[in-house]
Amino acid sequence: MQTLYSIQYLRAFAALAVVVFHAGERTGLPFTIGAAGVDVFFVVSGFIMMAISDSRPVGPGDFLRNRLLRIAPAYWAATLVMVIGAVAGVFPNLQLDLAHTFGSFFFIPVASPSSGNLWPVLVQGWTLNYEIFFYALFALVLFLRPASRLLALTLIFGVFVMAGALLQPKNPILAFYTAPLILEFVAGAALAKLWTARRLPSPIVGLSLIAASIAGFATIHLLKLEFDALTCGPLAVLLVLGALAVEANAHLRKLPFLAYLGDSSYSIYLWHTFTISVVVKIGFMLALPAAAILLVAVVLGTASGIAAYECLEKPIQSLLKGKRPSLRRLPIRGPAQ
């Protein structure tokens, strides 16, 4: 079975980018482009789902069940901590109401009573609302032959985005589900088809794509440009395509720790903000330099996510479905096979 280190590394970098983004936001040292880690996550997610479904038969029901078992338990645990903290007064700025709390647990975008935004109780969970939406539609295309799935997925998501662009819906939930951001999943699925068809660029081109992507992200950050899915989405696609091209030709070094961070990226994404909040509060109380607070917040935020991965996510997954293999050991067919 092929080891997809490129995907592991991308998951790790995307998670760390989000950690730095949130730490910078809290310390006054903004790293706004770190939010683009979400774009990378979405492209990677589309790649993984299509690659796995092409590698082994799976029915729509089993697919959804497996995805929910994988995503929901750790997210519910983090959300429950937020709810208990809000009730206990630990999070004084967090307001709760029944509809919003219900929506937060069941991946339904509901306006937050705290901010009015379509953010769940655990704010970064907004991306999981998109993930579940993608899983639901992807499950539908699993009724089709593998050769037809990408086209069907493209048509479905294309219709959603075109409807949003033409109708400009005032309803925030309709606007949420018709945002161009959802096309990043389709782009990732298309990359999976290139991977399995052995139609990836050469390693040199792959390195050039990675460099172009990083340069694009850096330009946005350094020039403080506005960005959204229409700018960061293509850059994320270039990054994933470039990394896959390098790996497909056996030019990617194996870095076990970085691969491990990829394994723990989901828990890092869910739990890092708890630690960052504590570190920032203590750091400012001690009048520490903002840069030092930022560094400690990033390190400890990442470490807390790793701890949650080892102590919560892995045991839960083992309990639910037996010992679950990590992504890099999944049977995803590719050019090296």
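So, a few notes on the structure that sits alongside this text. (Residues numbered from 1 in each chain as written. Predicted model: local features only at pLDDT ≥ 70, side-chain atom pairs only at ≥ 80, totals over all residues. Heavy atoms only, no water.)

1. A word on the overall build of the protein chain
Selection rule: A run of H or I in DSSP counts as a helix once it spans at least four residues, and a run of E counts as a strand once it spans at least two, with each numbered from the N terminus. The size measure is the radius of gyration over C-alpha atoms, and the globule rule it meets is 2.2 Å times the number of residues to the 0.38 power.
For the protein chain, the count of helices and strands is 13 helices and zero strands. Counting from the amino terminus, the protein chain carries its helices and strands in the arrangement α-α-α-α-α-α-α-α-α-α-α-α-α. Taking 337 residues into account, the globule formula puts the C-alpha radius of gyration at 20 Å, and the protein chain, at 20 Å, falls close to it. Taken along its principal axes, the extent of the C-alpha atoms in the protein chain is 55 × 45 × 40 Å.

2. Observations regarding the nonpolar core
Formally: In this description, a nonpolar core means a group of buried Ala, Val, Leu, Ile, Met, Phe, Trp, Tyr and Cys residues linked to one another through side-chain atoms lying within 4.5 Å. Relative accessibility thresholds used throughout: buried, under 20% of the residue-type maximum; exposed, over 50%; partly exposed, between the two (1.4 Å probe, protein chains only). For this analysis, residues touch if any pair of their heavy atoms sits within 4.5 Å.
Counting residues in hydrophobic clusters, the biggest one holds 97 residues, and the most contacted among them are F47, F138, L153 and L270. Sort the elements by how many residues they give to this core and helix α2 (residues 37-55) lands first, with 12 residues. Excluding residues within four positions of it along the chain, F47 makes contact with L4, I7, G188, A189, L191, A192, W195 and L244. Counting residues in hydrophobic clusters, the runner-up holds six residues, among them I33, A36, I220 and L235.

3. Re helix α10 (residues 229-248)
Three- or four-residue spacings in an α-helix give side chains the same orientation, since the helix completes a turn every 3.6 residues. What counts is decided by this rule: To estimate the expected span of a helix, subtract one from its residue number and multiply by 1.5 Å. Counted as a polar contact is a pair of N or O atoms within 3.5 Å, where, for protein atoms, one must be capable of donating a hydrogen and the other of accepting one, and residues adjacent in sequence contribute only when both atoms are in side chains.
The end-to-end C-alpha distance of α10 is 27 Å, a good match for the 28 Å that 20 residues give at a rise of 1.5 Å each. Two or three places before L230, at the start of α10, stands the capping residue D228, its side-chain oxygen 2.9 Å from that residue's backbone nitrogen. Where α10 ends, the next residue or the one after it, A250, has phi of about 60°, a positive value.

4. A few points about unusual backbone geometry
Here the phi dihedral of F107 falls at roughly 60°; this positive angle occurs in a residue that is not glycine. Residue placement: F107 occurs in the loop between α4 (98-105) and α5 (126-141). The residue R198 is not glycine, and still its phi comes out positive at about 60°. Looking at the element boundaries, R198 is found in the loop between α8 (183-196) and α9 (203-222).

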